[in-house]
Amino acid sequence: MATQTIGGTTTVVRRRSFSESYVGEWITTTDHKKLGLMYIFTGFFFFLVGGMEALLIRTQLAQPNGKVLDPQTYNQIFTMHGVTMIFLFVMPTLAGFGNYLVPLMLGARDMAFPRMNSFGFWLLLFGGIFLQSSFLLGQAPDSGWFNYVPLSTAGSSFSPAHVIATPGMNTDFWVLGTTLLGISSIAGSLNFVVTILKLRAPGMSVNRMPLFSWMILVMSFLLLFALPSLTVASFLLLLDRHVGTHFFDYTAHGDPLLWQHLFWSFGHPEVYILILPAFGIVSEVIPVFSRKPIFGYTFIAWSGVAIGFLSFTVWAHHMFAVGLPSIAQAFFATSTTLIAIPTAVKVFNWIATMVGGKIDFKTPMLFATGFVAMFLIGGLNGVALAVVPFDYQVTDSYFVVAHIHYVLFSGSAFGIFAGLYYWFPKFTGKILDERLGKIHFWLSFIGLNLTFFPMHLLGILGMPRRVYTFPGNLGWNELNLIASLGAFLIGVSVMVLFYNFIATLKHGKKAGDDPWDAFTLEWDTSSPPKKYNFLEIPIVRSRRPFYDKKYPETADWKHVTH
Amino acid sequence: MSQKQQDRVEQQLSSLEDDASAIPPSSSIPDTPQSETVQEDTPQSETVQEDTPQSETVQEDTLQPETVQEDTPQPETVQEDTPQPETVQEDTPQPETVQEDTPQPETAQETEKPQSPLVVSGKKRGRKKGRLVSVEEIMPKPSYWPLALAVSFVVLSMGIVISWIVIVIGAVLVIASIMGWSLERR
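Residues numbered from 1 in each chain as written. Chains lettered and ligands numbered in written order. Predicted model: local features only at pLDDT ≥ 70, side-chain atom pairs only at ≥ 80, totals over all residues.

Before going further, it helps to examine the overall build of chain B. Along the backbone of chain B there are four helices and five strands. Helices and strands in chain B line up, N terminus first, as α-β-β-β-β-β-α-α-α. In chain B, once contacts between residues fewer than 6 apart in sequence are set aside, the share between residues at least 24 apart is 52%. (Helix = DSSP H or I, 4+ residues; strand = E, 2+ residues; numbered from the N terminus. Contact = placed C-beta atoms within 7 Å.)

Listed below in structure tokens is the structure:
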């Protein structure tokens, strides 16, 4: 370091460190906004990977007796499609939105533990690469995203030869990969919980928190309580495979159903982990584009909490067909039906918010309303699956595939798209092209219904899920072809989205700091925000602090007591 | 800094001084002499006290200087688009004009130390005023260790599917990363 005076001005000159270079800044960053963007970018990269896997599946199934993939490769592809979309697209992208937006919404300058935040991201990225690298060895996980035993046991090493099992490293990649991603999620969740509970701006009581922050809080608690179950199951399976224990080996008095209980006691809360933040996004978008405060804020917030609690009581509805005792079936059928109530409360509140509002169907609002309509289908066919006799008929059929995709694609993914179009101006200072956005929406909307609605019928007609091909005389041909065409339409819509990204970043319209005339604090910063977010931590007096600031004469705190 | 580096820095600065056009009109080096935190009686080539917060006017945000007595009550809602900087007499910071986004005169390897804008520190509940602090003081510093620890965990996991040697390497890396993280100066 040296100092020098030029014209009476003292300057300090020193060598620039790597962490100050452009690449170094991103690699060493602990800034929640940069990490949020990295999460989102990584999520969309894996969305492309998972999407290509989906197209391979649908190409194989487009016609009977398909020969595009061999059975072993097909098993790997459909397994990795599920793992990639759940663990590497939806979770990271929603975590990215949370990372970027929660501190801004709460009036904080960063997350509570910035370096742990960075650790969580890097573990996600390398965990994802670790999982996908299994393809290079030809040993990608192949036992389904739920990795059921005995399919996933080591087979010939420790079990009788007649057990169909996975002696290669396929399952090890699944076990270790999901454990790495689990550690990453725990790091992120702890950070969210502490940030939300401890770093809120003065005046921002929990009763005034934006609903997105509420849903992130509930999601974080779900992750903290659900992930240990998966980690324990994975560890036991690893011991079974490599040390010779018999936790899941029925020939040595182990219990394969133990895996299902442990997995689904993580797996069903996981579904709500994937959907609750999307509920939060929709709860932010709908009021802004309806020009009204959210209807029934308290009900929306606490129904999220109720969903969180109930999600731990429904796991065995995935296991009706294994022969549970009647009392257990009755309990889990009831609890599964019950969870529809708080979910319906949200739907009614979103609709009530729109009623009487000045609705502006910009792209974020299109995706938000599309979410409400399509998620309703996913919710209702979920209730149908809670009915035990019906579940017996369609369990492990394409009906279940239709259900999960209506929940996760038209639910979580539409929520993500709504959030992306809504907050892209905040992230980049530029606004995504509205015309391309609408094309993206309508192609996705038509594509998803073409793809997933026929799957209901295929399930009812008896087509089992996970089959790599089917004979041509079962009446499934046309429906499969329609589903495959729909999948390619979704592929085209995703290309439109990516073209929109690139075109906007290159020569997009400048957005300004508040292009939607929004209500919450993240819009009370520059676009993109400065490193420190706020020059001064704002003081909050209502649920719409930025609205209050812009419209002091009609400020909420003057008229509303909360 | 070595003598060679010192010479190069001085050479660069001399060239900047000679070539006024090299300094952008709105750069952080204003026309009028600005006092830094160099001790008045100390020769200017002495070490600058880097950690002392600098008060400054951020042109971009059109801050209006305002002198605020510490006990003067503050308005509760601050208009953030036109924030009011405070000159806190207690800390006697020296004014300095900085435009944040203006590139600093620099070569590929050497640069001026980036100037850190001032922000008001977080307010505790029940306390209406924050402190005027530099951004660097309150924002988290960059770190390599989270990345190192993540990579170490992946190497450890890779060892389980490859060989015991890789497990050992991974374990050593994990321990080293945790130690590095713990001992890093925050």
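So that's the structure; there's more coming.
Along its length, chain A carries 17 helices and four strands. What you see for chain A is a C-alpha radius of gyration of 24 Å, in line with the 24 Å of a compact globule of 562 residues. By its C-alpha atoms, chain A is 85 × 65 × 45 Å across when sized along the principal axes. Taking all 562 residues of chain A together, the buried fraction comes to 55%. (Rg over C-alpha atoms; globule rule 2.2 N^0.38 Å. Buried ≥ 20, exposed ≤ 12 C-beta atoms within 10 Å, placed from the backbone.)

This part is about the environment of Phe41 of chain A. Positionally, Phe41 of chain A belongs in helix H2 (residues 32-61). As for Phe41 of chain A and Phe89 of chain A, which are separated by 48 residues in sequence, their C-alpha atoms are 9.6 Å apart.

One finds Val282, Val285 and Ala418 of chain A to be the most contacted residues of the largest nonpolar core, which totals 178 residues. A domain-level breakdown of this core finds at least three residues from each of domain 1 (1-29 + 52-71 + 86-139) and domain 2 (145-183) of chain B. Excluding anything up to four places from it in sequence, Ala418 of chain A contacts Ile281, Val282, Val285, Pro364, Phe367, Ala368 and Phe371 of chain A. (Core = buried A, V, L, I, M, F, W, Y, C linked by C-beta atoms within 7 Å. Domains from an automatic or database assignment.)

Our focus in this paragraph is helix H7 (residues 256-290) of chain A. Residue and element names in this part refer to chain A. In a regular helix each residue adds 1.5 Å, so 35 residues correspond to 51 Å; H7 covers 51 Å between its end C-alpha atoms and thus fits that length. Along H7, the sharpest change in direction is near 30 degrees and occurs at Trp264. Across the 35 residues of H7, 29 count as buried, placing the element largely inside the fold. Backbone geometry just downstream of H7 places Arg291 in the positive-phi region, at approximately 55 degrees. (Expected span 1.5 Å × (residues − 1). Bend = angle between axes of the 7 residues up to and from the residue.)

Once that is clear, we can look at the packing of helix H4 (residues 114-133) of chain A against helix H3 (residues 145-161) of chain B. Contact geometry for H4 of chain A and H3 of chain B: axes closest at 8 Å, N-to-C directions at 35 degrees. In this structure, the crossing between H4 of chain A and H3 of chain B has a hand that is right-handed. Only Trp145, Pro146, Leu147, Leu149, Ala150, Val151, Phe153, Val154, Ser157 and Met158 of chain B of H3 of chain B make contact with H4 of chain A, whose side of the interface consists of Arg115, Ser118, Phe119, Trp122, Leu123, Phe126, Gly127 and Phe130 of chain A. In terms of residue class, the contact of H4 of chain A with H3 of chain B is made up of 14 nonpolar, three polar and one charged. (Axes fitted to C-alpha atoms, helices over the stretch in contact; angles between N-to-C directions. Left-handed = near helix turned anticlockwise from the far one by under 90°. Nonpolar A, V, L, I, M, F, W, Y, C, P; charged D, E, K, R; others polar.)

Before going further, it helps to spend a moment on the packing of H3 of chain B against helix H4 (residues 164-183) of chain B. Residues and elements named next belong to chain B. The geometry of H3 relative to H4 is characterised by a closest axis approach of 7 Å and an angle of 160 degrees between their N-to-C directions. In terms of orientation, H3 and H4 fall into the roughly antiparallel class. Of the two elements, H3 crosses H4, and the hand of that crossing is left-handed. Each of Trp145, Ala148, Leu149, Ser152, Phe153, Val155, Leu156, Met158, Gly159 and Ile160 in H3 lies in contact with H4, whose residues at this interface are Trp164, Val166, Ile167, Ile169, Gly170, Ala171, Leu173, Val174, Ser177, Ile178, Gly180 and Trp181. Partitioning the contact of H3 with H4 into residue classes produces 17 nonpolar, five polar and no charged. (Parallel < 35°, antiparallel > 145°, perpendicular 65-115°, else oblique.)

Before going further, it helps to spend a moment on the confidence of the model for chain B. When pLDDT is averaged along chain B, the result is 59, and 32% of the positions lie at 70 or above. With a pTM of 0.82, the predicted complex shows an ipTM of 0.89. (pLDDT = per-residue confidence, 0-100.)

Residues and elements named next belong to chain B. Tracing the backbone shows Val155 in helix H3. Through-space distance from the C-alpha of Val155 to that of Ile169 is 7.5 Å; in sequence the pair is 14 residues apart. Those residues in contact with Val155, other than ones at most four positions away along the chain, are Val166, Ile169, Gly170 and Leu173.

All names here are of chain A. Residue Pro150 is reached from Val149 by a cis peptide bond, and omega for that bond is 5 degrees. Along the polypeptide, Pro150 turns up in the loop between H4 and helix H5 (170-198). The linkage connecting Ser527 with the following residue, Pro528, adopts the cis geometry, with an omega of -10 degrees. Along the chain, the position of Pro528 falls in the loop between strand S4 (509-510) and helix H16 (545-550). Phi angles above zero are rare outside glycine, and Asp396 is one such case at about 55 degrees. Assignment of secondary structure puts Asp396 in the loop between helix H12 (388-394) and helix H13 (398-428).

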